[in-house]
Amino acid sequence: VNSRKHPLEIPPPSGKDWPKEDEENFFLLDPDRERDALPQPFRMIHKLVMQVFENAVEIIEKREMLREAQKRKVQPIKCFPTAEFQVTERANCLAVSGKYVFVGLSVGLAAFSRCDFQDVCAWDAAKTEICAIHASALGNECHVLLAVDEMGLAWLFCFHKESFLLIKTLNEVEDISQRSPCVEVVLSRGGDYAGILLQGNTKAWLEIYQLPKDSWLTEMEENAGDAEELACSERRSSSFQVGTFVLQELPVSAIQDDVKLDPPELLLTVRPPKPITGTSFKGPLDALKEVDDGGMLGLGYNHLIKDSQWELQEAIFCSTYQEYLEAEGVIKEEIPRYATFHFLLPSRILMGPEMEVEPDIPVGIGVHWDGNHNFCLYLLTPSLRDKAGSDLKPDVVWPCAAPIACSAVSSCSRYLALAGEDATITIWDKHLGYPLSVTAILEERFIRSIHFL
């Protein structure tokens, strides 16, 4: 029998199983500290790998966010060319009218068919480079073209039966030193009117021409009939001389070389407004005599401010804002040399109650010159008084708060958009004559062009 001499006791823990340090700090230990036991190069490599991984995750997240944002946007339709046509020279400009594409080349003009994209005909008689071209359909497969070459000459063409016919060079003069180059051309829809902007050495002006398209169409039809009769007579005469042969039609271009169409009529000559100077009137009664009626605004010439008052006002302005004028520089007012103009369809502003007009033929033009506050409207049927005068006066003047930078007219010609140099866009209802909206763009912005979509 084994009997205990001493009471049962719990033995103390051994030092091997429970180290004192681990027992005291067991709850503070970090599992990741196991890697710290690695040598220094391995710890540095591990940190670099983890940093690269985190950066890659951030880049992936940003790209995912951008991809989701792009999906929420409206994706534009990608258009690819369905056909192409080759030109022999360098193409500078093009215009589309009806089933033809007219291309201005480094030497002359070329016409291509939109059906088979083949070269129809070309014109290179003047050996000149065409820089701008406008085209409009007149009807009966007849088109009118207005082109500008590198020397500033404005060429007026008629395209009929796949042949070019030169009508006139609008600004050609005998003395080349007196020639004024053309810098802008506009052709009205339907080919009723054409406008060209000419620049001289010290001045600029706008010429508006009326195109006699009805007589052109009549002469072209008569010429086409004569060409067919001549071709038939050639066939009949040759049939008695040769037994078997292949008939070839007489080219229409050879017949049209002898055709002379009526030249366009110069309708208006619009010059830029002169700077406002001191009055020449002795009293208010003399100024009122120069005003036709009180129903419209003018250009500001009929005033009673004297030259001395202008000089005093300028001196006060310069002394008050001298520091700003020295920083920006003083710009002397000069006569403008560039204008933007549009052909306008009938509206209540441009036509009276007794005027009989067609809805699709322009009745006036709207013009604004660079650096000018006024948008001027001119009727295309000026009175005899205006024709006899040296300077044509506008029929309607729309003043703006800031100089007009650019303008646009809608396709229906009812809405007019004016953008000022103060980055403000005003939409006008031309039929009713009042503004529909005024939008201010961000500051320090200059609007260079504006379009209706």
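For the protein chain, the name recorded in an unreviewed UniProt entry is WDR93 protein, with Loxia curvirostra as its organism.

A. The arrangement of the nonpolar core in detail. Among the nonpolar cores identified, the biggest contains 24 residues, and L156, I196 and W216 are the most heavily contacted of them. Broken down by secondary-structure element, the contributors of at least two residues to this core are β6 (142–149), β7 (154–160), β8 (164–169), β9 (182–187), β10 (193–199), β11 (204–210) and α3 (213–239). A per-element tally of this core places β6 first, with 4 residues. Setting aside anything within four residues of it in sequence, one finds I196 in contact with L146, A154, L170, C182, E184, V185, W205, L206, E207, Y209 and F341. Formed by 19 residues, the second largest nonpolar core is a distinct cluster that contains L197, V270, I365 and L392.

B. Region of the structure containing the packing of aromatic side chains. Per the stated rule, a full pass over the model turns up 13 aromatic pairs. Geometrically, the ring pair formed by W123 and F157 is edge-to-face, given 4.7 Å between the ring centres and 70 degrees between the ring planes. Within this pair, whereas W123 is found in strand β4 (residues 119–123), its partner F157 is found in strand β7, the two being separated by 34 residues in sequence. An identical accessibility class is assigned to W123 and F157; each is buried. Geometrically, the ring pair formed by W155 and F157 is stacked, given 6.4 Å between the ring centres and 20 degrees between the ring planes. Assessed through its relative accessible area of 9%, W155 is described here as buried. On the basis of relative accessibility, which here comes to 0%, the residue F157 falls in the buried class. Cluster of aromatic residues (ring-pair linked, three or more members): Y100, F102, W123, W155, F157, F159 and F164.

C. Up close: the confidence of the model for the protein chain. Looking at the protein chain as a whole, its pLDDT mean stands at 78, while 73% of the residues score no less than 70. Summarising per-element confidence for the protein chain, the mean pLDDT is lowest in helix α4 (residues 252–256) (41) and highest in β10 (93). Long-range and interchain partners of residues 238–255, a stretch whose pLDDT sits below 50, account for 13 contacts in this model, where long-range means more than four residues apart. Considering only residues more than four positions removed or in separate chains, one finds that residues 384–389, a stretch of pLDDT under 50, has 3 contacts.

Cut-off values and rules
Residues numbered from 1 in each chain as written. Predicted model: local features only at pLDDT ≥ 70, side-chain atom pairs only at ≥ 80, totals over all residues. Heavy atoms only, no water. Core = buried A, V, L, I, M, F, W, Y, C linked by side-chain atoms within 4.5 Å. Buried < 20%, exposed > 50% of the residue type's maximum accessible area, 1.4 Å probe, protein only. Helix = DSSP H or I, 4+ residues; strand = E, 2+ residues; numbered from the N terminus. Contact = heavy atoms within 4.5 Å. Phe/Tyr/Trp six-rings, centres within 6.5 Å; stacked < 30°, edge-to-face > 60°. pLDDT = per-residue confidence, 0-100.

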